[in-house]
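# Understanding the architecture of this molecule
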Amino acid sequence: ATVSVLYWVTGDNNIMTGARKLQTWLGAVAVGVALAAGGLDALDAATQSAWDFCLRFEPYISNPQVEASIAFVSWFFICLYFTYLDVTRSPTKVQKDYWPSNKEMLECAVPQIIIYALGCGLTWYLWAAFPENNLIHEAKAPTFLAFVGQLSSAFVVGDFIIYWEHRLMHIIPYLRNNIHSVHHAYSAPFSWSGGWVHPVEDLIVVSAQALPAYLWCHPLTRYVFAALWAILLIDEHSGHDVWWSPFNWMRTSDRDIIGGGADPHDIHHFIPTKNFSFCFCIWDRLFDTYMEPSELIVNPYVPPFVTHRRDPEVIQQLMDQQIDRKQKTLREAEQEQ
């Protein structure tokens with residue numbers, strides 16, 4: 001319902017259209033609840049079984065930062081997945097004219113793997129050295145509906161915070177030029193570049209996104225949240241429009257899009273005043289920073305760290321050249337048909 005109301009506000013401001021959207025979403029929720037009502041006991045049992053499985057890994061899950069290791073493992077394997085798509089030249093590529101080289105991927109991946117592995121290793125050292133700080137878990141899992149509510153609310157609230165953190169990183173000159181510029185070294189992002197950020201911003205982003213999960217979520221919810229968050233972080237920066245991306249299934253039509261993904265976020269890396277959102281495009285729509293992906297919006301690739309070519313006028317010239325070439329290609333294709 002919350003997303004529906006927001007979508008009404010961010011749509012075409014037509015009350016009847018907004019009401020129909022609201023009715024559609026509320027209807028879908030009502031049908032889902034009705035269908036699940038008879039099976040809630042089974043879903044609750046499944047949630048309990050999942051938590052019982054996690055409890056088998058005691059005492060390791062008593063580590064207060066075990067979610068960091070879950071996120072790291074998820075991040076590593078989803079990066080490998082998208083690396084495979086890059087190496088095999090998958091047709092899902094958003095930036096059709098650019099493929100990261102093996103050298104670029106290694107230069108980006110290796111330092112992060114080492115840093116994140118050392119960070120996770122530190123959490124395990126602290127877990128072993130200070131057992132009095134370890135967590136004690138109860139045996140009862142959340143109900144299925146509580147699990148869904150906790151997970152969805154953590155994503156919505158955390159994503160809202162990240163949207164404004166991201167915008168502030170661009171609005172405040174010092175943060176933009178000295179902190180966030182590290183991440184924007186890649187104008188055409190690929191999987192491993194998703195985590196290429198300044199240590200200060202890394203700490204801010206992880207803390208802001210994880211705060212809601214730590215405030216009101218059951219450990220089981222936090223584990224799932226950590227894994228999904230890492231996967232969506234890489235999906236957004238992967239440069240691939242994969243079928244499972246929220247951008248492709250969190251929508252009511254080709255234009256009424258709620259979910260984020262590589263297609264919209266790729267635009268942000270060469271037009272940095274647009275598409276700040278992470279998991280949900282809803283915030284860009286609500287605050288008028290959304291740019292619709294289009295075949296004519298082509299990423300004018302700039303090599304990493306070539307900062308003198310990041311001038312907005314130069315970027316616009318590169319975009320104009322790309323658009324001219326794209327339009328010419330489309331015209332030639334139409335003539336051949």
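Since the structure is predicted, the reported quantities are computational estimates derived from the model, not experimental observations.

Assignment of secondary structure puts Gln150 in helix α6 (residues 144-171). Within the structure, Gln150 has its side chain in polar contact with the backbone nitrogen of His218 (distance 3.0 Å). Contact partners of Gln150, with chain neighbours within four places excluded, come to Pro142, Trp216, Cys217, His218 and Thr221.

Our focus in this paragraph is the confidence of the model for the chain. Looking at the chain, the pLDDT average stands at 80 and 76% of residues meet or exceed 70. Within the chain, no element has a lower average pLDDT than helix α1 (residues 2-10), which sits at 47, and none a higher one than helix α4 (residues 66-87), at 94. Low pLDDT, under 50, characterises residues 1-20; the stretch is placed with 28 contacts to residues that sit more than four places away or in other chains.

On to the nonpolar core. In terms of nonpolar packing, the biggest core is built from 51 residues, with Phe155, Trp192 and Phe280 touching the most fellow members. Going through the elements one at a time, α3 (40-55), α4, α5 (102-129), α6, α8 (199-216), α9 (219-237) and α12 (282-286) are the ones with two or more residues in this core. In terms of residue count, α9 provides more of this core than any other element does, nine residues in total.

Turning to unusual backbone geometry, a few remarks are in order. Here the amide bond leading from Glu58 into Pro59 is cis, since omega sits at 10 degrees, within 30 degrees of zero. Counting through the fold element by element, Pro59 comes out in the loop between α3 and α4. Located in the positive-phi region is Arg89, a residue other than glycine, with phi close to 55 degrees. Assignment of secondary structure puts Arg89 in the loop between α4 and α5. What makes Arg89 partly exposed here is its relative accessible area of 47%.

Turning to the packing of aromatic side chains, a few remarks are in order. Evaluated as defined, the whole model comprises 22 aromatic pairs. Summarising the aromatic geometry, the rings of Trp124 and Trp127 are spaced 5.2 Å apart at their centres and angled 85 degrees between planes, so their arrangement reads as edge-to-face. Highlighted residues: Trp124 and Trp127, both in helix α5, separated by three residues, approximately one helical turn. On the accessibility criterion, Trp124 (25% relative accessible area) is partly exposed. Judged by centre distance (5.0 Å) and plane angle (70 degrees), the ring pair of Trp164 and Phe287 falls under edge-to-face. Taken together, the residues Trp164 in helix α6 and Phe287 in the loop between α12 and α13 (312-336) connect sequence positions 123 residues apart. A relative accessible area of 29% places Phe287 in the partly exposed class.

Criteria and thresholds
- Sequence order as written defines the numbering, with residues in each chain counted from 1.
- Totals for whole chains, interfaces and linings use all residues, but because this is a predicted model, local features are given only for residues with pLDDT of at least 70 and pairs of side-chain atoms are given and counted only at 80 or more.
- To obtain the side-chain values, all non-hydrogen atoms of the structure were used and water was disregarded.
- Helix and strand assignments follow DSSP, with helices taken as H or I runs no shorter than four residues and strands as E runs no shorter than two, numbered in order from the N terminus.
- Whenever a nitrogen or oxygen atom comes within 3.5 Å of another N or O atom, the pair is scored as a polar contact, on the condition that within protein one atom can donate a hydrogen and the other can accept it, and that pairs from neighbouring residues in sequence are kept only if both atoms are in side chains.
- We call two residues contacting when some pair of their heavy atoms lies within 4.5 Å.
- Here pLDDT means the predictor's own confidence in every residue, given as a number from 0 to 100.
- Here the nonpolar core consists of buried residues drawn from Ala, Val, Leu, Ile, Met, Phe, Trp, Tyr and Cys, with membership extended through side-chain atoms lying within 4.5 Å.
- Exposed residues in this analysis have more than 50% of their type's maximum accessible area, buried residues have under 20%, and partly exposed residues fall in between, with area computed by a 1.4 Å probe over protein chains only.
- Working definition: a ring pair exists when centres of Phe, Tyr or Trp rings (six-membered ring for Trp) sit within 6.5 Å. Plane angles under 30 degrees give stacked, over 60 give edge-to-face, the rest tilted.

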